[in-house]
Amino acid sequence: MILTVTLNTSIDKAYIINSFEVGKVQRVEEVFATAGGKGLNVARVVKSLGEDVIATGFVGGYSGEFIKSELDKEGIKHDFVEVDGETRTCINIINKTTGVQTELLEPGPLLNMIYQEKFKDKYISLLDRCDVVTISGSMPKGISDNFYAELIKLAKDRDKKVILDTSGKYLKEGLKARPTVIKPNRYEAEDIYGKKIKDEKDIIALMKTFIGDGIEMAAITLGVEGGYVATKDDVYRYIPPEVKVKNAVGSGDAMTAGLAVGINKGYGEVETIRFAVAISAANAMTEATGLVYKKDVNDLLDDVIINKLE
Ligand SMILES: Nc1ncnc2c1ncn2[C@@H]1O[C@H](COP(=O)(O)OP(=O)(O)OP(=O)(O)O)[C@@H](O)[C@H]1O
Ligand SMILES: O=P(O)(O)OC[C@@]1(O)O[C@H](CO)[C@@H](O)[C@@H]1O
């Protein structure tokens, strides 16, 4: 079983607009609202691949009710800590003409520390039921910056594999607890690195630092250009298949889902990377955020390019 942690859940709204212009009143042509925040995208993708998953985190208010009812409709098991305050909404404006996407991410509610302790108790009991944990996204205000490190340690002490997909201070703090897998995108990696990544050499050097620090698998993702993956002995460059892009937001989450499933099923590293990359590309083919169809994934698998660099 895979456990997905989403502390800052969100109603993700994808607004499809023919030609979006800043500073003008515009009507939205189509709206897709999903139960989101990175970890819930992971849960949805894991479920659509036919694997067993349970989603946890914080939910609150009417938006929290929406999220639970969407997960129920999708048949995704969940066990959240209910909080005072309203779960956030994140908006992704998709300009249909240019394909350019603009994301507006709310910060989420301010939480009392009591909820952090409540969550820890729930998390420890859920860990008994799972083998792989994914921890994704930002945290609501009021939660300690090192909370992910605490969650990672609790999981690793129980021999669970942990994938951490977050950014900024949450990633910096989380790294200290040595998650099994990390997968920052270029910007998140530059933030850790403290400077711009210039070339492949920089990427490989950074991934090797992560591996040297005790991370088992480190990926750095570059959107449509694919990315790199390093393990203790190997370094790979991967290129996703070319797809007709509708909405690439959540492709990183789809990739996390693929890595979690691959690890849970005991796939080899190349097989796991191939699977995760096909899933990430399949996400870009659908309009809703964090949605893949298994058939697309199967069709894309053979077209993922993976080159072993070292
Ligand atoms: N347009 C695209 N076409 C095909 N594959 C894509 C596209 N965009 C992203 N991907 C796949 O998804 C992976 C992760 O993408 P990206 O680097 O954008 O991650 P991310 O920033 O974590 O994404 P998000 O936060 O939106 O989930 C890429 O390495 C690639 O395999
Ligand atoms: O604010 P966070 O938690 O870092 O990111 C939130 C978010 O942008 O991530 C997902 C895409 O990966 C969206 O579902 C969601 O809106």
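Note that the coordinates shown come from a computational prediction; the quantities given were computed from them, not determined experimentally.

## Some details on the site of ligand 2
Phase 1: Ligand 2 sits among 14 residues. The nearest are Asp12, Asn41, Arg88, Ser138 and Asp253.
Phase 2: For ligand 2, an oxygen atom lies 2.9 Å from a polar atom in the side chain of Arg88.
Phase 3: Between an oxygen atom of ligand 2 and a main-chain N or O atom of Ser138, the distance comes to 2.9 Å.
Phase 4: When isolated, ligand 2 has an accessible area of 400 Å², and the protein chains bury 90% of it.
Phase 5: Put simply, the parts of the chain that give the shell around ligand 2 at least two residues each are helix 1 (38-48), strand 7 (88-95) and strand 8 (101-105).
Phase 6: Of the residues contributing to the shell around ligand 2, the split by class is three nonpolar, six polar and five charged.

## Notes on the site of ligand 1
Phase 1: Taken together, 22 residues lie around ligand 1, and Asn185, Thr221, Gly223, Gly226 and Tyr238 are the ones closest in.
Phase 2: Here an oxygen atom of ligand 1 and a side-chain polar atom of Asn185 are 2.8 Å apart.
Phase 3: In this structure, an oxygen atom belonging to ligand 1 sits 2.6 Å away from a side-chain N or O atom of Tyr238.
Phase 4: Contact with the protein chains hides 89% of the accessible area of ligand 1, taken as 640 Å² for the molecule alone.
Phase 5: Contributing elements (two or more residues each) for the shell around ligand 1: helix 8 (251-265) and helix 9 (269-284).
Phase 6: By residue class, the composition of the shell around ligand 1 is 11 nonpolar, eight polar and three charged.

## Things to note about the sheet that holds strand 7
Think of a sheet as strands paired side by side through backbone hydrogen bonds, with each pair either parallel or antiparallel.
Phase 1: Pairing in this open sheet of four strands is mixed, and the strands run 3-2-7-8 from one edge to the other. For this open sheet the edge positions go to strand 3 (30-36) and strand 8, each flanked by a neighbour on one side alone. Here the strands of the sheet are splayed against their neighbours by 15 degrees on average, with no regard to which way each runs.
Phase 2: As paired elements, strand 2 (residues 10-17) and strand 3 share seven bridges and run antiparallel to each other. Counterpart to Asp12 in the pairing with strand 3 is Thr34.
Phase 3: Along the sheet, helix 2 (residues 61-73) makes contact with strand 2 and strand 3, crossing strand 3 at roughly 85 degrees.

## So, the pattern of salt bridges
Phase 1: Per the counting criterion, the structure on display carries 21 salt bridges.
Phase 2: Note that Lys68 is salt-bridged to Glu82, the shortest N-O span being 2.7 Å. In this pair, Lys68 is assigned in helix 2 and Glu82 in strand 6 (residues 81-83), connecting sequence segments 14 residues apart.
Phase 3: Looking at Glu82, the relative accessible area reads 41%, which means it is partly exposed.
Phase 4: Among the charged side chains, a salt-bridge network with shared partners connects Glu65, Lys68 and Glu82.

Definitions and cut-offs
- Residues numbered from 1 in each chain as written.
- Chains lettered and ligands numbered in written order.
- Predicted model: local features only at pLDDT ≥ 70, side-chain atom pairs only at ≥ 80, totals over all residues.
- Heavy atoms only, no water.
- Near = heavy atom within 4 Å.
- Polar contact = N/O pair within 3.5 Å; in protein donor to acceptor, adjacent residues only side chain to side chain.
- Areas by Shrake-Rupley, 256 points an atom, 1.4 Å probe, with all protein chains shown as cover.
- Helix = DSSP H or I, 4+ residues; strand = E, 2+ residues; numbered from the N terminus.
- Nonpolar A, V, L, I, M, F, W, Y, C, P; charged D, E, K, R; others polar.
- Pairing = 2+ DSSP bridges.
- Axes fitted to C-alpha atoms, helices over the stretch in contact; angles between N-to-C directions.
- Contact = heavy atoms within 4.5 Å.
- Salt bridge = Lys/Arg side-chain N within 4 Å of Asp/Glu carboxyl O.
- Buried < 20%, exposed > 50% of the residue type's maximum accessible area, 1.4 Å probe, protein only.

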